[in-house]
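# Structural characterization, general
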Amino acid sequence: MQYKKINNLLGWLCFAIASLTYILTLEPSVSFWDCGEFISCAYRLQVAHQPGYPMFAMLGKVFSLLSFGNNAKVPYFTNLMSAIASGATIMFLFWSITAIAKKMLAGKPGDPEDQNRIILIMGAGLVGALAFTYTDTFWFSAVETIVFALSMLCTAVVFWAILKWDAHADEPGADKWLVFIAYIIGLSIGIHLLNLLTIPAIAMVYYFRRGKNISVSGAIGTFLIGVLILVFVQYGIRGYSIKIAAYFDLFFVNSLGTGFWSGAFVWFLIIAGILVAGIIYSIRNKKPLMNLAFLCISFVYLGYSSFAYIPIRATANPDLNNSHPDNAFTLYGYLNRIQYGEAPLLYGQYFDAKVIDQTEGSTLYRKGKTSYENAGKKTNYVYDHTTFLPRMYSSEGQDPQFYRQWLQMDEGAAPTFADNLKWLASWQVYQMYVRYFLWNFVGRYNDADGQQSMTGIDGNWTSGILDGGRHLPKSVVGGPKIPNQGIQLGTTYTPLYALPLIIGLLGAIYHFQRKKRDALVVLLLFFFTGLAIVLYVNQPSIQPRERDYSYVGSFYAFAIWIGLGVIALAELIRVKLSPKVAAILATVVCLLAAPVIMAKQEWKAHDRSTKMTPHDMAYNYLISCPPNAILFTYGDNDTYSLWYDQEVEGIRPDVRIVNLSLFTGDWYIRQMQGKMNASEPLPITMPYDKYKEGVRDVIYFDDKKIAGSVEVKEVFDFISSDDKAAQVQYQSGDYGNYLPTKNFKITINPDDVLKNHVITPEQKDKLASVMEWKYTSNYVTKENLAMLDILAHNNWKRPICFTTTIGNENLIGLQPYLYKEGFTYHLIPFKPDTSTHDQLGKINSLVMYNNMMTKFKYGNFKTAKYLDHESTTMFYPVMVTTFLDLADGLVKDGHPDLAIKALHKFDDVMPDINPGLEVADRKIFMAQTAYGLHDNVLANKFITSVDNYIVDQLDYNYNLLKNNSGNLDLRNVQYGVSFINAMVGITSDNHQTALSAKLSAQLKDYSNKFAPVLQRQQPQQ
């Protein structure tokens, strides 16, 4: 059979295997993080968060149509888009590996095809492509609606195309492949920017193929040219094209009086004219290189033109319209993620730096009614402690404390450049890249977040080879299967015995020995899609989630070397065996050592086919809300899945979701003043001019010693007043509002509260006459201003709710009046319960009981084969706390019969897992409640569950103690012994003699074992 036919058939076989893998493990509905937003924006062609993903949204729309009107199936088919794109990525990877292998093993021109060589080439392609199929990071993105699957396909197509060009570069018309690459790069900008990082490697392929005198200096020069092309596409074409368009628009709109976009349109015509003129000139003057350059730039622009989608859809005012980029200035800020701030790259401040001066930067513009308006000046700060290549620069939140903790710096010590480099090497490079690389090719303990420790188990890499003698806890490595329980311990323990790494390193060494130039190209791809991202992004400190998906391109490059490892192994063993046997044996051994082992180990940690947690948790948030509620959310997982449930499936369209992290934007407040789905506009009375960009961005507290509390409406009217008498004058001469008091109140009209069904008539005696609270911040930002406007003018017409996972700082001191009704806090003006220590543990018991027992969905929590990190560490603890609060609240309100039903409901729908000490602590309280309700069987079950977890952890830590390991988790030991002690008392008090005796024996045993460390201070409860 001809080489070409075999190559094509096996490439399609790889596509089939990979696609089938991903389809079988596909998440059936929405996933956590950005997926809910992406699905919503694809389905209804809306505007997602910066920097925009128009091509992704349009392709997602096409796949969503396969649902044929069944909206609950929309996410399955958008997820399918990722699966098929990922399968195609594997196919192009196969063809890329075989192209590189064929070139490496090429015989003399005219030699007949050698069967042994074909076996080796195809074996290399199969091993490398299928190994990448089952890598942890790539598989994760392949089964959900996320941009990285399609972005990786673009990278694979571009790299395959340059190898096709390389193979046919001497033939007429071969440069069409370069134009094709330029077009794919342009299209990929509308999916994700990672594809641009292939450009330096492409430049090197071009130089090695077309260069007349190949030299080290020439290679370095070409590399630098490749970097300049990358910069030109990223900043010139993508960035400055829009920035210049914005200033053209400013001139045309403000000076010539034309409409918005008129100047931008003229600028785009100028670009088109320059490109057309350049192409015509290059043809007439027979300048092929210039012609190629102009054609490539033109096709990058053609692909990039998908971004016309953004202002077009923004102007249409869809429900999700992030930043509302309907003008050139906003579009430029949107594309450059200005909302997220800028990280210093080559020069900047240390985290302990103080601002010693500030200068005015460029003018900021916003869109007015008929012209662009001055929104102030950008402020540039001068710092007293700066450095070249700043890595430890963030002074936000806990970042300075984490820098000191990580580097073991003294509290008052100033960071040095040596500290800066240590942080770069140990955290940014090792912890946030090398660790991810080793997850994929060596193995992984679990999917817990491991950003904060290089030595702990959670989130760390492991080969598994030495784990047998380490007495690892069952919570990590797994134990006996629990009957009637889908999720198992150790699901994400995936040791790969470092075999893929070894094969890849063997392949890389062999590649450099045989074809240094080609190996350098792969190395550049590996570097730019890996470590170069680390250097460029300059992550400040702990991230909201693990960021391995950013570096999948470098894992792709390493998979090429895993494929070439087959050829290297065959070369080693052919000394003893015939070439054909060596080729077959090397292929089989590498298939077993890489893709087969990887598939076996990784499958259980990636099989999302039975998981519905994101969908159902979002459903529970929405269903917890009374009719027409205003629901304040904050984080991504509090919001994006809710957007999906509402925007795609139409669940609770009457609820207005308000993301407080976006509520700081004038565009978002303005959106909230309009109707959305079945939700009427929010009661925000401010006209746009009172809160637009540059106006009341922040209002500072200035205590005027006002006696007593002040009505919120009066406070709001004062801080939003344009009257100079209500403002303070700054040194600059500008005037600004200030907050004169933090003591707020709302006088309650019982008739309004009853008429709007905030409470039942039976609860009227619990109603407060005045709702008083203290504002908790020293300043009022735009989201706080808008919230105060709502509180001042809502008059209890619409229920006000907060998600239970929201941060305390976002509650602006309203805790005494917040009552749980499921997954939300409902603002109810009951008399404050001063006897309750945990103000956020209060519940509106019967409403909450009805929601949780009859309306909630539980996401296959108990039966799913796999639960992701967010399900187990974020939402499982929320579930435990919510059920516990429900049971305790029902007991307090005189409904013990309902309380025990609630605890049994938890036992019925939730798996018996203990993701951490917090859950174990909550379950002890659950057991105590169950004992109080005379259900000893259920209480004993909770106690036994916690005990098994604690014993598992203590046994592991005792092994560390015996081996004098520095990794002993003292907190775990202290709390573990403390929990056993608590359980001894609880079981003894409730006459559970046998169980109490068992726990007492354990307490004595572990108290003796850990006596040396337990002499230290016990943890504060």
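Just above sits the structure.
Summary of the structure given here. Throughout this document, residue positions are counted from 1 along each chain, in the order its sequence is written. Only residues with pLDDT of 70 or above have their local features reported here, since the model is predicted, and side-chain atom pairs are shown and tallied only from 80 upward, although totals for entire chains, interfaces and linings are computed over all residues. With hydrogens and water excluded, all non-hydrogen atoms of the structure serve as input to the side-chain values.

## With respect to the overall build of the chain
What counts as a helix is a DSSP run of H or I of at least four residues, what counts as a strand is a run of E of at least two, and both are numbered from the N terminus. Across its full length, the chain holds 36 helices and 18 strands. For a compact globule the rule gives 2.2 Å times the number of residues to the power 0.38, and the radius of gyration it is set against comes from C-alpha atoms. A compact globule built from 1021 residues should have a C-alpha radius of gyration of about 31 Å, and the chain, at 31 Å, falls within 12% of that. A principal-axis box enclosing the C-alpha atoms of the chain has dimensions of 95 × 85 × 60 Å. Burial classes: relative accessible area under 20% of the type maximum marks a residue as buried, over 50% as exposed, and values in between as partly exposed (1.4 Å probe, protein chains only). A total of 1021 residues make up the chain; the buried ones form 57% of that total. In this description, contact between two residues means that some pair of their heavy atoms is separated by no more than 4.5 Å. Of the contacts formed within the chain by residues at least 6 apart in sequence, a portion of 74% connects residues at least 24 apart. Throughout, the Shrake-Rupley method with a 1.4 Å probe supplies accessible areas, and for residues the shown protein chains are the sole cover considered. Of the roughly 42,400 Å² of accessible surface on the chain, 59% is carried by carbon and sulfur atoms.

## Remarks on the nonpolar core
A general trend in soluble globular proteins is that nonpolar side chains are found buried together. Core analysis: the largest hydrophobic core is formed by 303 residues, its most contacted members being Phe632, Phe663, Leu791 and Phe802. The element best represented in this core is helix α4 (residues 74-104), accounting for 16 residues. For leucine 791, the residues in contact, after removing those within four places along its chain, are Val712, Ile746, Trp773, Ile800, Ile812, Leu814 and Leu827. In these notes, a set of buried Ala, Val, Leu, Ile, Met, Phe, Trp, Tyr and Cys residues joined through side-chain atoms within 4.5 Å is what counts as a nonpolar core. Listed in part, the 7 residues of the second largest apolar core include Ile457, Leu472, Val476 and Tyr493.

## Considering helix α10 (residues 216-255)
Axes are fitted to the seven residues ending at a residue and to the seven starting at it; the angle between these axes is taken as the bend at that residue. Its axis deflected by about 40° at tyrosine 240, α10 carries its strongest bend there. Positive phi appears at glycine 257, one or two residues downstream of α10, with a value of about 75°.

## Quick look at the side chain of aspartate 249
As for its placement among the helices and strands, aspartate 249 is situated in helix α10. By the criterion applied in these results, polar contacts are pairs of N or O atoms within 3.5 Å in which, for protein atoms, one can donate a hydrogen and the other can accept it, and in which residues neighboring in sequence qualify only through two side-chain atoms. Here the side chain of aspartate 249 touches alanine 264 through a polar contact of 3.2 Å, landing on its backbone nitrogen. Once residues within four sequence positions are removed from consideration, aspartate 249 is found in contact with Asn254, Gly259, Phe260, Trp261, Ser262, Gly263, Ala264, Ala328 and Tyr372.

## A look at the pattern of salt bridges
The rule for a salt bridge is simple: a side-chain nitrogen of Lys or Arg has to be within 4 Å of a carboxyl oxygen of Asp or Glu. Scanning all chains against the criterion turns up 36 salt bridges. Here glutamate 373 makes a salt bridge to lysine 692, at a shortest N to O gap of 3.3 Å. Taken as a pair, glutamate 373 in strand β3 (residues 372-383) and lysine 692 in the loop between α25 (666-672) and β9 (698-701) lie far apart in primary sequence, 319 residues in all. Between lysine 713 and aspartate 717 there is a salt bridge, with the nearest N and O atoms lying 3.1 Å from each other. Here the residue lysine 713 and the residue aspartate 717 both occupy positions in helix α26 (residues 712-719), the gap between them amounting to 4 residues, near one helical turn. Looking at aspartate 717, the relative accessible area reads 36%, which means it is partly exposed. Three or more residues joined by partner-sharing salt bridges are found here, namely Glu27, Glu144, Arg608, Lys611 and Asp868.

## Quick notes on the sheet that holds strand β8 (residues 656-659)
Strands were regarded as paired on the criterion that DSSP finds at least two bridges between them. Taken in spatial order, the 5 strands of this open sheet run β8-β7-β16-β18-β17, and their pairing is mixed. The open sheet has two edge strands, β8 and β17 (818-820), and neither has a second partner. Neighbouring strand axes in the sheet, compared pairwise and without regard to direction, differ in orientation by 30° on average. Sheet topology places strand β7 (residues 630-633) next to strand β16 (residues 800-803); 3 bridges connect them, and they run parallel. Bridged to phenylalanine 632 within β16 is phenylalanine 802. Axes, fitted as lines to C-alpha atoms, cover a helix only where it is in contact. Angles between the N-to-C directions of the axes lie from 0 to 180 degrees.

## Some thoughts on helix α35 (residues 993-1009)
What a helix is expected to span follows from its residue count: subtract one and scale by 1.5 Å. Spanning 17 residues, α35 covers 24 Å between terminal C-alpha atoms, matching the ideal 24 Å at 1.5 Å per step. Taken together, the buried positions of α35 are occupied by Leu995, Ser996, Leu999, Gln1002, Leu1003 and Tyr1006. Looking straight down α35, one finds its buried side chains confined to an arc of 125°; they lie on one side. Along α35, exposed side chains directed more than 90 degrees from the buried face belong to Thr993, Ala994, Lys1004 and Asn1008. Where α35 is buried, its residues contact α32 (917-932), α33 (936-962), α34 (970-989) and α36 (1011-1014). The arc refers to the directions leading from the helix axis to the C-beta atoms.

## Notes on the pairing of strand β12 (residues 735-739)
In terms of residue burial, β12 counts as a mostly covered element, since 4 of its 5 residues are buried. Pairing between β9 and β12: 2 bridges, direction parallel. Paired with tyrosine 700 across the strands is tyrosine 738, a residue of β12. Looking at chain direction, strand β11 (residues 727-729) and β12 are connected through 3 bridges and run antiparallel. Following the sheet pairing, glutamine 729 is matched in β12 by tyrosine 735. The hairpin turn running from β11 into β12, its antiparallel successor, is 5 residues long, and glycine 733 in that turn takes a positive phi close to 100°.

## A closer look at the packing of helix α23 (residues 613-623) against helix α30 (residues 869-892)
Remark: α23 packs on α30, axes separated minimally by 12 Å, with the N-to-C direction vectors making an angle of 35°. For the element pair α23 and α30, the recorded crossing hand is left-handed. Along its contact with α23, which presents Thr613, Met617, Asn620 and Tyr621, the element α30 presents Ser871, Phe875 and Met879. In terms of residue class, the contact of α23 with α30 is built from 4 nonpolar, 3 polar and no charged. Crossing handedness follows the turn of the near helix against the far one: under a right angle anticlockwise gives a left-handed crossing, and clockwise gives a right-handed one. Only Asp, Glu, Lys and Arg are considered charged in this grouping, and only Ala, Val, Leu, Ile, Met, Phe, Trp, Tyr, Cys and Pro are considered nonpolar; every other residue, Gly among them, is considered polar.

## Some points on the side chain of aspartate 654
Along the polypeptide, aspartate 654 turns up in the loop between α24 (636-647) and β8. Of the polar contacts made by the side chain of aspartate 654, one reaches the backbone nitrogen of asparagine 628; its length is 2.7 Å. A polar side-chain atom of aspartate 654 sits 2.9 Å from a polar atom in the side chain of arginine 652.

## Looking at the environment of serine 871
Within the element layout of this structure, serine 871 appears in helix α30. With 257 residues separating them along the chain, serine 871 and proline 614 place their C-alpha atoms 7.8 Å apart. Among residues more than four places away in sequence, those in contact with serine 871 are Phe32, Lys611, Thr613, Phe861 and Tyr876. In terms of polar contacts, serine 871 uses its side chain to reach the side chain of threonine 613, at 3.3 Å.

## A word on the packing of aromatic side chains
Planes of paired rings set the category: under 30 degrees apart is stacked, over 60 is edge-to-face and the rest tilted, where pairs are Phe, Tyr or Trp rings (Trp by its six-membered ring) whose centres lie within 6.5 Å. This structure, assessed with the given rule, holds 74 aromatic pairs. Between the aromatic rings of tyrosine 403 and tryptophan 423, the centroid separation amounts to 4.8 Å while the plane-to-plane angle is 90°, which identifies the pairing as edge-to-face. Of this pair, tyrosine 403 sits in helix α15 (residues 399-407) while tryptophan 423 sits in helix α16 (residues 417-441); the two residues are 20 residues apart in sequence, bridging distant segments of the chain. Classification of tyrosine 403 by relative accessible area gives buried; the value is 0%. Residue classification places tryptophan 423 among the buried residues on the basis of a relative accessible area of 0%. Connected via pairs of aromatic rings, a cluster forms that spans Phe32, Tyr621, Phe823, Phe856, Tyr858, Phe861, Phe875, Tyr876, Phe883, Phe906 and Phe942.

## Quick word on the packing of α33 against α34
Interaxial distance between α33 and α34 falls to 10 Å at its minimum, and their mutual angle equals 150°. Regarding α33 and α34, the two cross each other, and that crossing is left-handed. Across from Ile943, Val946, Asp947, Ile950, Gln953, Leu954 and Asn957 in α33, the residues of α34 making contact are Asn972, Val973, Gly976, Val977, Phe979, Ile980, Met983 and Thr987. Looking at the contact of α33 with α34 residue by residue, the classes come out as 9 nonpolar, 5 polar and 1 charged.

## Details of the environment of proline 687
Mapped onto the elements, proline 687 comes out in the loop between α25 and β9. With a relative accessible area of 45%, proline 687 lands in the partly exposed category. Through-space distance from the C-alpha of proline 687 to that of leucine 105 is 72 Å; in sequence the pair is 582 residues apart.

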